[in-house]
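Below, each chain spelled out in residue letters.
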Amino acid sequence: MAEQTQPEVSKEERIGYHKGSLSTLVAERNELFRIIQITESLIGAHIKELETLGVKIQSPPEEKK
């Protein structure tokens, strides 16, 4: 088999690629954070309603890192 060589990519193209990747990843992280905030809000609303109905909710123990 013959070796295939990758075309030479300029420094500017590489910089652009990595900057674009970072922009995309930051946007994805921000969207995940938004989803987590919505989920936490919904959990809080359900807990509050259960407490008004007399149901005691215990928090799970925190995980050690």
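Since we're looking at a predicted model, the values are computed, not measured. (Residues numbered from 1 in each chain as written. Predicted model: local features only at pLDDT ≥ 70, side-chain atom pairs only at ≥ 80, totals over all residues. Heavy atoms only, no water.)

Draft legend 1. Spotlight on the overall build of the protein chain. Scanning the protein chain for helices and strands turns up 1 helix and 0 strands. By residue count, 0% of the 65 residues in the protein chain fall in the buried class. A total of about 7,000 Å² of accessible surface is found on the protein chain, and carbon and sulfur atoms cover 58% of it. (Helix = DSSP H or I, 4+ residues; strand = E, 2+ residues; numbered from the N terminus. Buried < 20%, exposed > 50% of the residue type's maximum accessible area, 1.4 Å probe, protein only. Areas by Shrake-Rupley, 256 points an atom, 1.4 Å probe, with all protein chains shown as cover.)

Draft legend 2. Structural context of a nonpolar patch on the surface. A surface patch of nonpolar side chains, about 330 Å² in accessible area, is lined by Leu-50, Leu-53, Val-55 and Ile-57. With respect to the helices and strands, Leu-53 occurs in the segment after helix 1 (11-52). (Patch = residues over 30% accessible without salt bridge, like charges linked within 9 Å, V, L, I, M, F, W, Y side chains within 5 Å. Salt bridge = Lys/Arg side-chain N within 4 Å of Asp/Glu carboxyl O.)

Draft legend 3. Quick peek at helix 1. Taking 1.5 Å of rise per residue, the 42 residues of helix 1 would be expected to cover 62 Å, and the 61 Å separating its terminal C-alpha atoms lies within 8% of that figure. Directly after helix 1, the chain includes Gly-54, whose backbone phi takes a positive value near 90°. (Expected span 1.5 Å × (residues − 1).)

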